[in-house]
Amino acid sequence: MSTPSNPMITDVFVAGARKGWNIATTSTLPNVLMAFVLIKALEITGALKGLALVFGPLMGVFGLPGEAAAVLIGGWMSMGGGVGVAVALFDQGILSGTHLAILAPAIYLMGSQIQYAGRILGVVGTSAKRIPLMIGISVMNAFIAMLIMRILL
């Protein structure tokens with residue numbers, strides 16, 4: 001039998017698997033499901049085509065269709081949501097594997113800022129005046145990463 005200071009590897013694995021399962025079922029899966037529903041709603045209402053028209057020129061700079069803006073918006077609110085939107089658009093044939101590779105760093109560089117602004121920055125006492133600058137830097141980094149990925153791909 002293992003002692004608390006020296007747990008067996010199987011105990012560590014099972015504890016990690018439980019934590020991973022909880023994260024997947026309470027956070028990631030709902031965000032991804034929400035993203036699929038959102039994209040379907042946007043498609044049915046025609047708003048996805050409108051989004052493509054509005055953001056087409058900007059997304060074109062990165063070699064992406066205008067609909068890719070939905071991935072960035074979704075990722076800005078929730079990384080899981082951004083990934084879900086990306087997968088939904090890939091499933092519909094709107095995004096390719098190359099598009100996903102260009103978008104991936106941006107999702108993670110600016111991901112979940114809306115979620116974390118209140119949860120983390122407010123709790124640690126970050127001045128409200130600095131939050132827009134912090135968000136802007138992350139968004140700028142994401143756009144730079146997409147340019148670099150476009151060049152590399």
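Residues numbered from 1 in each chain as written. Predicted model: local features only at pLDDT ≥ 70, side-chain atom pairs only at ≥ 80, totals over all residues. Heavy atoms only, no water.

Peer 1: Quick rundown of the packing of helix H3 (residues 68-77) against helix H4 (residues 79-91)? Include the residues and the values.
Peer 2: Between H3 and H4, the least distance of the axes is 6 Å, while the angle of their chain directions is 160 degrees. As far as their axial angle goes, H4 and H3 are roughly antiparallel. Here the hand of the crossing between H3 and H4 comes out right-handed. Side by side, H3 and H4 meet where Ala70, Val71, Gly74 and Gly75 of the first sit next to Met79, Gly81, Gly82, Val85, Ala86 and Leu89 of the second. (Axes fitted to C-alpha atoms, helices over the stretch in contact; angles between N-to-C directions. Helix = DSSP H or I, 4+ residues; strand = E, 2+ residues; numbered from the N terminus. Parallel < 35°, antiparallel > 145°, perpendicular 65-115°, else oblique. Left-handed = near helix turned anticlockwise from the far one by under 90°. Contact = heavy atoms within 4.5 Å.)

Peer 1: Break down the environment of Val71 for me, with residues and values.
Peer 2: Mapping Val71 onto the fold places it in helix H3. Judged by relative accessible area, which is 0%, Val71 ranks as buried. With 24 residues separating them along the chain, Val71 and Leu95 place their C-alpha atoms 10 Å apart. Apart from the residues within four sequence positions on either side, Val71 is in contact with Gly82, Val85, Ala86, Leu89, Leu95, Leu103 and Ile107. (Buried < 20%, exposed > 50% of the residue type's maximum accessible area, 1.4 Å probe, protein only.)

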